[in-house]
Amino acid sequence: MAPSRIAQTALYQEVAERLRQRIFAHELLPGTRIDEQLLTVDYGISRTPLREALKVLAAEGLVTLRPRRGCFVTEISEQDLDEIFPLMAMLEGRCAQEATKRAQPEQIAKLEAIHRQLQRFAGSNQIERFFEANQEFHFRIQEMSENRWLRQVIQDLRKVLKLTRLFSLSIDGRLQQSLAEHAAILAAIKAGDALRAQRLMHDHILAGREALARIQSPQELVS
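About the criteria used
- Throughout, residues of each chain are indexed from 1 in the direction in which the sequence is written.
- Thresholds applied to this predicted model are a pLDDT of at least 70 for local features of residues and 80 or more for the giving and counting of side-chain atom pairs; totals over whole chains, interfaces and linings are not thresholded and use all residues.
- Based on all heavy atoms of the structure, the side-chain values leave hydrogens and waters out of the count.
- Axes here refer to lines fitted to C-alpha atoms; in helices the fit is confined to the stretch in contact. Angles between the N-to-C directions go from 0 to 180 degrees.
- Labels follow the DSSP assignment, with helices taken as runs of H or I lasting at least four residues and strands as runs of E lasting at least two, numbered in each case from the N terminus.
- Reported orientations rely on four angle classes, namely roughly parallel under 35 degrees, roughly antiparallel over 145, roughly perpendicular from 65 to 115, and oblique for the rest.
- A clockwise turn of the near helix away from the far one marks a right-handed crossing, whereas an anticlockwise turn of less than a right angle marks a left-handed crossing.
- Throughout, a contact is declared for two residues whenever any of their heavy atoms are within 4.5 Å.
- Each residue is assigned to one class: nonpolar for Ala, Val, Leu, Ile, Met, Phe, Trp, Tyr, Cys and Pro, charged for Asp, Glu, Lys and Arg, and polar for all the others, Gly among them.
- At least two DSSP bridges between two strands are required for those strands to pair.
- To form a nonpolar core, buried Ala, Val, Leu, Ile, Met, Phe, Trp, Tyr and Cys residues must be joined to one another through side-chain atoms within 4.5 Å.
- Per-residue accessibility, obtained with a 1.4 Å probe over protein chains only, is compared with the maximum for each type, and a residue is labelled buried under 20%, exposed over 50%, and partly exposed between these values.

Visitor: Requested: an account of the packing of helix α8 (residues 174–191) against helix α9 (residues 194–213), with residues and values cited.
Guide: At their nearest, the axes of α8 and α9 sit 8 Å apart, and the two run at 165° to each other. The angle between α8 and α9 places the two elements in the roughly antiparallel class. For α8 against α9, the interelement crossing comes out left-handed. Every residue of α9 that contacts α8 at Arg174, Gln177, Ser178, Glu181, His182, Ala184, Ile185, Ala188 and Ile189 is listed here: Arg196, Ala197, Leu200, Met201, His204, Ala207, Gly208 and Ala211. Counted by class, the contact of α8 with α9 contains 9 nonpolar, 5 polar and 3 charged residues.

Visitor: So what's going on with the pairing of strand β2 (residues 70–73)? Which residues, and what values?
Guide: In this sheet, β2 lies alongside strand β1 (residues 63–66) in antiparallel orientation, the contact comprising 4 bridges. Pairing of leucine 65 across the sheet is with cysteine 71, part of β2. Taking the residues between adjacent antiparallel strands as the criterion, β1 and β2 are bridged by 3 residues, where arginine 68 takes a positive phi near 65°.

Visitor: Break down the nonpolar core for me, with residues and values.
Guide: In terms of nonpolar packing, the biggest core is built from 59 residues, with Leu19, Ile23, Phe137, Ile141 and Ile189 touching the most fellow members. Other than its neighbours up to four places away in sequence, isoleucine 141 contacts Cys95, Ala96, Ala99, Leu111, Ile185, Ile189 and Met201.

Written out as structure tokens, the structure reads:
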């Protein structure tokens, strides 16, 4: 029996990525019902790839499938944040520990370059660009850990956190505090102090949750 051909990227995966980006950009807000009929017209596709795409997003926690009611963009509650952040702190702390043990000079140099960006963006109060560089800083540490299972779980949780629509960095004083926390983590990694890097990363993640808790209006929640 002749082997079947390997298809190019499945259509549903492309649809899932388009919807994922619309959710992250908050074009589709938390609690919004996904209009399947409208999307099939907009994308020029049938219901089958759309529904497969929604299953993918449901598995990632980005949408919620409700029997007989339809599909909705997931809403993140205060309880969700209280449950996710300690888990993130534990996982990213472990990541920092493993990254420190495996760190190579060129990898540390890349982290230093990203930290210089953080300093520049903090100095000019460019919150969104600081946030992007912050994401890159964390991603580099995850890569350095060389633990694909940790990276996968962390990235899945970070996707869910993108559903919130609030920058903890917008809280007065948090930008400089975050910058100092990154500097301390970088210093621990450079010093080869794996346990200190783990503790500092753990505390850094929880400090982000504490900053979010100081925001009074959950409806204004962005990341």
